[in-house]
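Breakdown of the fold
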Amino acid sequence: MITFENVHKSFGSHEVLKGINAEIAKGQVVCLIGPSGSGKSTLLRCVNGLETYQRGRISIDGTVVDAASPQVHAICTRVSMVFQRFNLFPHRTALENVMEGPLYVLKENRNQVRERATALLNRVGLADKTNAYPASLSGGQQQRVAIARALAMRPQAILFDEPTSALDPETVGEVLQVMRALADENMTMLVVTTKFSSPARFPIASSFSTAAGSLSKVRPRNCFEIRDTNALRTFFIGLCTPSECWPALPCRVKAPNSDLSLRRGRALKLCENAA
């Protein structure tokens with residue numbers, strides 16, 4: 001479905017992506033987990049042409065994504081994106097926001113688009129918010145409108161850029177519930193997150209994005225066995241708080257040879273005991 005082959009991306013002299021190689025199969029959910037500045041969002045934006053990459057190749061079903069190509073627009077309509085900050089039009093209602101892409105990008109019939117948009121808002125639990133403006137919606141409700149907007153384009157895959165990071169803890173579950181439903185329907189999803197618990201919500205193969213701009217694979221359901229670098233181990237230990245370590249998720253995280261805070265030490269011990 002989505003293939004990365006030796007992808008390199010630099011901002012000036014700073015190389016962000018250093019030879020990324022990965023493949024996302026149709027119907028698979030993949031999380032990119034890592035610290036800020038490690039290239040997760042940049043990689044996501046390269047997939048739909050919002051960023052260019054200097055070397056390598058990104059392809060969707062065999063078609064190369066090239067931001068400079070006249071065909072990039074058609075390619076990228078097959079991949080929708082859900083942003084961290086919702087990016088809804090404030091002067092349009094929830095229904096109008098969902099209708100925007102199919103109407104003005106795909107040039108579809110207005111009545112058919114309205115019918116589909118109404119059904120999608122109902123699907124994400126917002127049937128009573130069709131005429132509400134973004135300012136009157138909670139963060140979780142706005143993000144669910146954004147997911148409905150992404151689905152309105154009938155994409156083959158959806159890119160999620162930290163979809164819950166701007167939400168209160170109370171509303172995170174609303175969005176994750178919708179995403180889990182999409183996963184159960186075999187929607188291909190690439191999800192950027194910094195939350196340790198997020199990968200465990202889905203039956204996924206998870207790729208870890210390091211500060212060095214490369215990917216290391218981890219297994220979210222069985223155990224986290226981080227042996228590659230001190231940066232990887234330190235990052236996971238920092239995220240592994242007691243509330244996120246369930247008996248159902250054995251975590252074997254090997255501590256690097258560095259000083260850790262007392263909280264991180266307790267979290268690590270809890271993970272080892274759970275294993």
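Before reading on, note that the structure itself is shown above.
A brief report on the enclosed structure follows. (Residues numbered from 1 in each chain as written. Predicted model: local features only at pLDDT ≥ 70, side-chain atom pairs only at ≥ 80, totals over all residues. Heavy atoms only, no water.)

**Comments concerning the overall build of the protein chain**
In terms of regular secondary structure, the protein chain is built from eight helices and ten strands. For the protein chain, long-range pairs separated by at least 24 residues make up 65% of all intrachain contacts whose partners lie at least 6 apart in sequence. When the accessible area of the protein chain is evaluated, it comes to approximately 12800 Å², of which 48% is carbon and sulfur surface. (Helix = DSSP H or I, 4+ residues; strand = E, 2+ residues; numbered from the N terminus. Contact = heavy atoms within 4.5 Å. Areas by Shrake-Rupley, 256 points an atom, 1.4 Å probe, with all protein chains shown as cover.)

**Some thoughts on helix H3 (residues 94-104)**
Among the eleven residues of H3, nine are classified as buried, and the element is accordingly described as predominantly covered. Of the residues making up H3, those classed as buried are Ala94, Leu95, Asn97, Val98, Met99, Glu100, Gly101, Pro102 and Leu103. Packed against the buried residues of H3 are helix H4 (110-123) and helix H5 (139-152). (Buried < 20%, exposed > 50% of the residue type's maximum accessible area, 1.4 Å probe, protein only.)

**Some words on the nonpolar core**
The nonpolar side chains of soluble globular proteins are, as a tendency, buried together. The biggest cluster of nonpolar side chains holds 39 residues, and the ones touching the most others in it are Ile147 and Phe160. If you list the elements that add at least two residues to this core, you get strand S3 (29-33), H3, H4, H5, strand S7 (157-161), helix H6 (169-184) and strand S8 (188-193). Dropping the residues within four chain positions of it, Ile147 is found in contact with Val82, Phe160, Val175, Val178, Met179 and Leu182. Core analysis: the next-biggest nonpolar cluster, separate from the first, contains 27 residues, Leu17, Ile20, Leu44 and Cys46 among them. (Core = buried A, V, L, I, M, F, W, Y, C linked by side-chain atoms within 4.5 Å.)

**Quick word on the pairing of strand S1 (residues 2-11)**
Pairing of S1 with strand S2 (residues 14-24), which is carried by eight bridges, proceeds in the antiparallel orientation. Following the sheet pairing, Lys9 is matched in S2 by Leu17. What sits between the antiparallel neighbours S1 and S2 is a turn of two residues, in which Gly12 has the positive phi angle 65°. By the bridge criterion, five bridges tie S1 to strand S4 (residues 55-60) in an arrangement that is antiparallel. Across the sheet, Ile2 pairs through a bridge with Ile60, a residue of S4. (Pairing = 2+ DSSP bridges.)

**Digging into the packing of H4 against H5**
In contact at an axis separation of 9 Å, H4 and H5 are set at 135° when each is read in the N-to-C sense. In terms of orientation, H4 and H5 fall into the oblique class. Read as a crossing pair, H4 and H5 show a hand that is right-handed. Residue-level inspection shows Arg116, Leu120, Leu121 and Arg123 of H4 in contact with H5, the latter providing Val145, Ala148, Leu151 and Ala152. (Axes fitted to C-alpha atoms, helices over the stretch in contact; angles between N-to-C directions. Parallel < 35°, antiparallel > 145°, perpendicular 65-115°, else oblique. Left-handed = near helix turned anticlockwise from the far one by under 90°.)

**Topic: the sheet that holds strand S5 (residues 63-64)**
One open sheet accounts for four strands, arranged S2-S1-S4-S5; its pairing is antiparallel. Each end of this open sheet is capped by a strand with a single partner; those strands are S2 and S5.

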